[in-house]
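So the chains spell out like this:
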Amino acid sequence: MTAKTELEITETAPASSCCGGSSCGTDAAEEPAAQGVTTVYDVSGMTCGHCEGAISAEVSAIPGVTSVTAVASTGKVTVVSAAPLDDEAVRAAVDEAGYDLVGQAA
């Protein structure tokens, strides 16, 4: 026994992108600017990806933090937050991860 299925295809106007008109796949200039405050910190002691992950996890737990990028090769940790962060809160998070916050990068 076999079944036959017929599918009716209706043409519609194509969406402006794969996401139904959102900004993916379009020029970067059209994307909205990142919201929040970006601060870059110098951290000593990072040597590998595990270090980056440990610092990112601890700093991400600070209320208001929306993004953390740690780079062991440069010793830089970039934090995006809804409002300026208390440096002592960042210092405590970095310390909890087992590293030393040198201060804000110049």
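From a predicted model like this one, the values you see are computed outputs, not experimental measurements.

S.K.: How would you summarise the sheet that holds strand 2 (residues 65-71) if you had to cite specific residues and measurements?
M.R.: Spatial strand order, 2-3-1-4: four strands in an open sheet with antiparallel pairing. With one partner strand each, in any of the chains shown, strand 2 and strand 4 (100-104) form the two edges of the open sheet. Taking each pair of neighbouring strands and ignoring which way they run, the sheet shows an average axis angle of 25 degrees. Relative to strand 4, strand 1 (residues 37-44) runs antiparallel, the two sharing four bridges. When the sheet's bridge partners are listed, Asp42 is paired in strand 4 with Gly103. Along the sheet, helix 1 (residues 49-60) makes contact with strand 1, strand 2 and strand 3 (76-81), crossing strand 2 at roughly 160 degrees. Here helix 2 (residues 87-97) sits on the sheet and contacts strand 1 and strand 4; the angle it forms with strand 4, its principal contact strand, is near 150 degrees.

Reading guide: rules and limits
- Residues numbered from 1 in each chain as written.
- Predicted model: local features only at pLDDT ≥ 70, side-chain atom pairs only at ≥ 80, totals over all residues.
- Heavy atoms only, no water.
- Pairing = 2+ DSSP bridges.
- Helix = DSSP H or I, 4+ residues; strand = E, 2+ residues; numbered from the N terminus.
- Axes fitted to C-alpha atoms, helices over the stretch in contact; angles between N-to-C directions.
- Contact = heavy atoms within 4.5 Å.

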